[in-house]
Amino acid sequence: MNQTAALHTEDLSFDGILERIQCEWASGQVVGLVGPNGAGKSTLLRLLAGVIRPTRGRIYIRGQSISKVSPKDRARDVAYLPQQIPDNASFTVEQYVEMGRFPYRTLFGGLDRESREAVNRAMTGLNLLSFRTARLDQISGGERQRAGVARCLAQGSPIILLDEPIANLDVHYQLDILLHLQRLAEEGRLIVMAIHHLELAARYCDRLLLLHSGRVYAEGPPQDVLSERALEEVFQVKAKTYADPFGGHLRVSYSP
Amino acid sequence: MWQSCCIRMYRLGMSNLRIRWTFVALGMALLVGAALELSLGPVSIPVRQLIPDAWGYFQGVHDTNAIVIGAIRMPRLFVAALVGAGLATTGAALQAVFRNPMADPSIIGVSSGASLGAVLTIQLGLSQLNEWYTPVGAFVSGLIVVLVIYRIATVRGKTSIYSLLLSGVAFSALCSSIVTLVLSLAPLETMQQMLFWLMGGLDGSTWREVLMLLVFVVIAIGIYLTQAHALDVLSLGEEQAQGVGVSLQLTKQVVLVTSAFVVGACVSSTGVIGFVGLVVPHLLRIWIGPANRRLIISSAVGGAVLMLFADLISRMILLPTELNVGIITSLLGAPFFLFLLRRQESRMYRG
């Protein structure tokens, strides 16, 4: 067992949705969870985030089990961004990013200097400074998602989990978010995200975990995981994969 | 350096100006309301005499004005303000926990539970043994109802907000019907005593009540403030809150139990007063935004202001008859509630 892995799981199971998930990821990479609807991607993320408890198995962060860690301590290690950022909330973007500092607040909720700086860095990093006082219910979905990533960044956690961060975004914001995540990984964080778009997953993730009916079908570099056979067996589509003529990354063509 | 200076200037921009003015306006309204509350009535006392007369009362002067101010109007003023502050801050906290702007202290069943407890202590004759048995009975039964509802809504360590709301409504109905049953079976004299208690109101407020309310309300506001940031994230959804390390169960328990204590204390001194907890935080949220720390502090002041003016209206509108203050808050609150409902619906159709 690798004690230095940022995140690893042992026999992780949940209520018939996930069965004996084993995974082990080091820092500094982007990991994509792929698989058809209902394969258990969101459930796996929620387990890793500690939002729900596994029925069996364990999750380790840098070799330490998270089951006995308090929510605040866990949040210092793992930031989790659920799929839905409410579009009717009237908090400002800055207030929302500040929420990422929750684990560091004092009893009556003060923010220290370090927290202020973390919030500023996160907002600068995601080009949100001009949106500081804009309200969450008045900005576009892409900007809201960027605010969500900034909130995770402000949290200062070495591991960031995101549930479909590019769903419902136009192509500009899809690339924008993915590039930001890639940069965060290069700075030494571990990014784990559920993602439906296979080509973007192949292009921007260092590793993929393909889930099929609650089990790990394959895990590894994108070109190994997304084989034509896997696409047919897991997604039940006929597909051809090939290397992109310009970038060399994996492309997928589906046959009707 | 220059950048942080700019940011600070920006922070002090429009929205903060509005928030400051809101607090200034609330503070002024509180002063005006308090002065009117002390000065108006069957014996009217000029405003410039208020401070000397109050000072006189505490120095042992016992002329009419000093007694009217010190023994009657000041306790009434403080009870009204503290109950208003307690109900409004509780409303703000519950609205955040339930993620529902319609939540109100009465919605978790604590008000009707407390009424039931009070009526039962009178029916069983306990109230004649000791004057504190009725408020304590109100208090304990309010707390029991909250705990039962919480237990019902909690499955496998997770509390569903919807079953909490629904069982609160069901329990309120149950308690109210038992209250009506007890009332209709009680002999006339007991029934009058019960009705007098249920109607509550601010008549006959004492310094002892002020002290009790002061302790409960101040501690409760302190507790709500420790949860303010957890409530901020929670109002965006439970998973968002868990993602940044909020202990959901802890926050829910702390807010529910605290609200049971505060509402129990309020109901036991003034009876059920509706809509203060609904109207005040809702209006202030529209005006100064959803951040709960500000909202709770401003709701405390706003609730006090609303209660003071409601009490003034109820005392003055049908002179010499005094109405119960709960009638005025409900007369104002019910139409406002309908307005909210209507607005929310039309917004839903638009969006």
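Here, the structure is the one placed above.
Note that this is a predicted model, so its numbers are computed, not measured.

### Here's the deal with empty space enclosed by the protein
Then, number 1: One pass over the structure, following the stated rule, counts 2 cavities of 30 Å³ or more.
Then, number 2: Ranked by residues supplied to the lining of the largest cavity, first place goes to helix H12 (residues 248–270) of chain B with 4 residues.
Then, number 3: Here the residues of the lining of the largest cavity are counted per class, giving 7 nonpolar, 6 polar and 1 charged.
Then, number 4: Forming the boundary of the second largest cavity are Ala49, Arg74, Ala75, Val78 and Tyr80 of chain A together with Gln242 and Gly243 of chain B.
Then, number 5: Those elements that provide at least two residues to the lining of the second largest cavity are helix H2 (71–77) and strand S6 (78–81) of chain A together with helix H11 (238–243) of chain B.
Then, number 6: Looking at the lining of the second largest cavity, its residues break down into 4 nonpolar, 2 polar and 1 charged.

### Thoughts on the interface of chain B and chain A
Quoted interface sizes are often the accessible area lost when the parts come together.
Then, number 1: Of the residues lining the interface, 27 residues belong to chain B; the matching set on chain A comes to 38 residues.
Then, number 2: Carbon and sulfur atoms supply 57% of the area buried between chain B and chain A, which totals about 2,600 Å² over both sides.
Then, number 3: One can count 1 salt bridge joining chain B with chain A.
Then, number 4: Ionic pairing is found between Arg46 of chain A and Glu239 of chain B, a salt bridge with its closest N-O pair at 2.5 Å.
Then, number 5: Inspection of the region where chain B meets chain A yields 7 residue pairs in polar contact (both at pLDDT 80 or more).
Then, number 6: Elements with a minimum of two residues in the side of chain B that touches chain A: helix H1 (2–11), helix H10 (207–234), H11 and helix H14 (292–316) of chain B.
Then, number 7: Class assignment of the residues belonging to the side of chain B that touches chain A gives a composition of 10 nonpolar, 10 polar and 7 charged.

### Focus: the packing of helix H4 (residues 64–98) of chain B against helix H13 (residues 276–288) of chain B
Residue and element names in this part refer to chain B.
Then, number 1: Their axes nearest at 7 Å, the elements H4 and H13 cross at an angle of 65 degrees. Classed by the angle they form, the pair H4 and H13 counts as roughly perpendicular. Crossing handedness for the pair H4 and H13: right-handed. Note on element contacts: H13 touches H4 through Val276, Gly277, Leu278, Val280, Pro281, His282 and Arg285, opposite Gly84, Leu87, Ala88, Gly91, Ala92 and Gln95.
Then, number 2: Partitioned by chemical class, the residues of the contact of H4 with H13 number 7 nonpolar, 5 polar and 1 charged.

### What to know about the environment of Pro71 of chain A
Then, number 1: Relative to the assigned elements, Pro71 of chain A resides in helix H2.
Then, number 2: Expressed as a C-alpha distance, the spacing of Pro71 of chain A and Gln22 of chain A, which sit 49 residues apart in the sequence, is 23 Å.
Then, number 3: With residues up to four places along the chain from it excluded, the contact list for Pro71 of chain A reads Gly245, Val246 and Ser247 of chain B.

### Remarks on the pairing of strand S11 (residues 239–243) of chain A
Residues and elements named next belong to chain A.
Then, number 1: Sheet topology note: the S11/strand S12 (residues 250–254) ladder contains 5 bridges and is antiparallel. Bridge pairing links Lys240 to Ser253 in S12.
Then, number 2: Taking the residues between adjacent antiparallel strands as the criterion, S11 and S12 are bridged by 6 residues, where Gly248 takes a positive phi near 80 degrees.

### Looking at the sheet that holds strand S1 (residues 7–14) of chain A
Residue and element names in this part refer to chain A.
Then, number 1: Strand order in the open sheet made by the 4 strands is S2-S1-S4-S5, with antiparallel pairing throughout. Edge positions in the open sheet fall to strand S2 (18–25) and strand S5 (64–65), since each of these has one partner strand only.
Then, number 2: Two strands pair when backbone bridges link them, and S1 and S2 are joined in this way by 5 bridges, in the antiparallel orientation. Bridging across to S2, Leu12 finds its partner in Ile21.
Then, number 3: The strands that helix H1 (residues 41–49) touches are S1, S2 and strand S4 (56–61); relative to S1, the one it contacts most, it runs at about 120 degrees.

Procedures and definitions
- Residues numbered from 1 in each chain as written.
- Chains lettered and ligands numbered in written order.
- Predicted model: local features only at pLDDT ≥ 70, side-chain atom pairs only at ≥ 80, totals over all residues.
- Heavy atoms only, no water.
- 1 Å grid on protein atoms, 1.4 Å probe; cavity = no way out; pocket = protein on both sides within 12 Å on 5 of 7 lines; lining within 4 Å.
- Points joined across faces, edges and corners; volume = space filled by probe spheres on them.
- Helix = DSSP H or I, 4+ residues; strand = E, 2+ residues; numbered from the N terminus.
- Nonpolar A, V, L, I, M, F, W, Y, C, P; charged D, E, K, R; others polar.
- Contact = heavy atoms within 4.5 Å.
- Buried area = accessible area lost by both parts, 1.4 Å probe.
- Salt bridge = Lys/Arg side-chain N within 4 Å of Asp/Glu carboxyl O.
- Polar contact = N/O pair within 3.5 Å; in protein donor to acceptor, adjacent residues only side chain to side chain.
- Axes fitted to C-alpha atoms, helices over the stretch in contact; angles between N-to-C directions.
- Parallel < 35°, antiparallel > 145°, perpendicular 65-115°, else oblique.
- Left-handed = near helix turned anticlockwise from the far one by under 90°.
- Pairing = 2+ DSSP bridges.

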